[in-house]
Amino acid sequence: MIRSEALRKKLVMHYYAKHVALENLGRTASSRDAVELLSWRATMASKVSFSKEVYRGNAFYGIGRVLREYCGAPHSLKACVEHGVYFGSYVSNAELERSDLPALVTFGDARFNHIRSVSTVPVCRIGPYIAYARGFLDARHIAETRAELGKTLLVFPSHSIDFVGKRFDVDDFIAEIERVKNQMQVKTVLISLYYRDVLEGAASAYEDAGFVVVTNGYREDENFLDRQKTFIELSDFTMSNSVGTHVGYSIYLGKPHYLYEQTCVQVAATKTDAAEYENDFAESSCVEKSEVLRVFSHYSETITSEQREVCEKYWGFSHVLQKEEMRALFDACERAFESSPSDRQRALARTVMKSEDGSMVKSLIECVCV
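Below is a summary of the structure that appears in this document. Since we're looking at a predicted model, the values are computed, not measured. (Residues numbered from 1 in each chain as written. Predicted model: local features only at pLDDT ≥ 70, side-chain atom pairs only at ≥ 80, totals over all residues. Heavy atoms only, no water.)

Another aspect to go through is the sheet that holds strand β4 (residues 152–156). Reading across the sheet, the five strands line up as β7-β6-β4-β8-β9 and stay open at both edges, with parallel pairing between neighbours. Among the strands making up the open sheet, the edge pair consists of β7 (212–215) and β9 (257–259). When the angles between neighbouring strand axes are averaged without regard to direction, this sheet yields 25°. Along the sheet, helix α12 (residues 245–252) makes contact with β4, β8 (237–240) and β9, crossing β9 at roughly 155°. (Pairing = 2+ DSSP bridges. Helix = DSSP H or I, 4+ residues; strand = E, 2+ residues; numbered from the N terminus. Axes fitted to C-alpha atoms, helices over the stretch in contact; angles between N-to-C directions. Contact = heavy atoms within 4.5 Å.)

What follows deals with the packing of aromatic side chains. One pass over the structure, following the stated rule, counts 17 aromatic pairs. Ring centres of Y61 and F224 lie 4.7 Å apart, and the angle between their planes is 55°; on these two criteria the pair is classed as tilted. Of this pair, Y61 sits in the loop between α4 (56–59) and α5 (63–71) while F224 sits in helix α11 (residues 224–234), and the two are 163 residues apart along the sequence. Taking relative accessible area as the criterion, F224 reaches 7% and is therefore assigned buried. Geometrically, the ring pair formed by Y258 and Y260 is tilted, given 6.5 Å between the ring centres and 50° between the ring planes. Three or more aromatic residues joined by ring pairs make a cluster, and in this case those are F60, Y61, Y194, Y195, Y218 and F224. (Phe/Tyr/Trp six-rings, centres within 6.5 Å; stacked < 30°, edge-to-face > 60°. Buried < 20%, exposed > 50% of the residue type's maximum accessible area, 1.4 Å probe, protein only.)

Bringing the nonpolar core into the picture now. The biggest cluster of nonpolar side chains holds 102 residues, and the ones touching the most others in it are I126, I177, Y206, V292 and W315. At seven residues, the largest contribution of residues to this core is made by helix α16 (residues 323–337). Counting eleven residues, the second largest nonpolar core, distinct from the first, contains L96, L101, I115 and V123. (Core = buried A, V, L, I, M, F, W, Y, C linked by side-chain atoms within 4.5 Å.)

Packing of α16 against helix α17 (residues 344–353) leaves a shortest axis separation of 8 Å and a crossing angle of 130°. The angle between the axes of α16 and α17 places the two elements in the oblique class. The way α16 lies across α17 gives a crossing that is right-handed. Contact residues: A332, C333, A336 and F337 in α16; R344, A347 and L348 in α17. Of the residues in the contact of α16 with α17, the class split is six nonpolar, no polar and one charged. (Parallel < 35°, antiparallel > 145°, perpendicular 65-115°, else oblique. Left-handed = near helix turned anticlockwise from the far one by under 90°. Nonpolar A, V, L, I, M, F, W, Y, C, P; charged D, E, K, R; others polar.)

Moving on to the side chain of K255. Turning to its location among the elements, K255 is positioned in the loop between α12 and β9. One buried charged residue, K255, forms no salt bridge at all, with the nearest opposite charge on D236 at 5.6 Å. A distance of 2.8 Å separates a polar atom in the side chain of K255 from the backbone oxygen of S235. Other than its neighbours up to four places away in sequence, K255 contacts R146, I232, E233, S235, D236, T238, S250 and I303. (Lys, Arg positive; Asp, Glu negative; His and termini not counted. Salt bridge = Lys/Arg side-chain N within 4 Å of Asp/Glu carboxyl O. Polar contact = N/O pair within 3.5 Å; in protein donor to acceptor, adjacent residues only side chain to side chain.)

Scope: geometric values only; no functional claims are made or implied.
Structure follows, in structure tokens:
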């Protein structure tokens, strides 16, 4: 039994870094071009760039690397960064007071309120992480690729997660994609599949329908968010059949989104896995997802004010930070990390509370403990 949570996180990171290194032995270096980007086979065969962080969750989807690169922070992020938009009142115990890290980073006000209702951990809202990604292609290559693709529809099918698969009527979903394609007079349909679904053979049904299947890569690949941003930038319109982080990302980047309401069944490997999604937290999650679904369930080629309001609530568009603000935030967390593990959150709170009025860090971090 490891008593130090910080040490446990460090050991976990070392384990996965070695695992990725071994997997990379059979892969080729990424060419970072449109040919690779538009081929799920090439993406899955390229080497995984793994972002080494103090907390494994920060390495997911390349979020740690994206945030560090954006603000020029030279050190790994000394805060727990929630790796997606969480709906409902569930908060991971590993990311609260016992995380051994100074703060928790999240998206917007709705999530902040859930966290604050159960915890005194210092919290910072930074809005949609896609705002900080550099993208996989530069502006010139995006323009060239857009010209080749023509009018493009980007689709995010509901995806599986660890130990829990997603099942839905694929034929029905493809029929709806075809309907939208014809209505929009789309030339190219990109189907963005999660890596787990690619590995399980989900691409074939979409390819048989004449669509182009792509993927953001493995969850541990630090280029994941860069690829996702570029796919959205290449599109004219996006759609999906479940509520997820992609909805707000699309709207933030100025792409209208359509949510096709479809029954998606979760298939858990064990009763323990199922219990995580069949509890009071799951009920509150359904309530919030329904709010998002309500404003996006009608096909529209324009973004409505109601949709922007919902995205502000959950994705926190107004909380996107300037580079100097984010650097000040993570520098403060770095200083607090020098304290003993049990005192890091209080050390950050003391620093923030004692800051002079108008202090940049004080305006970014919400603290209630001293």
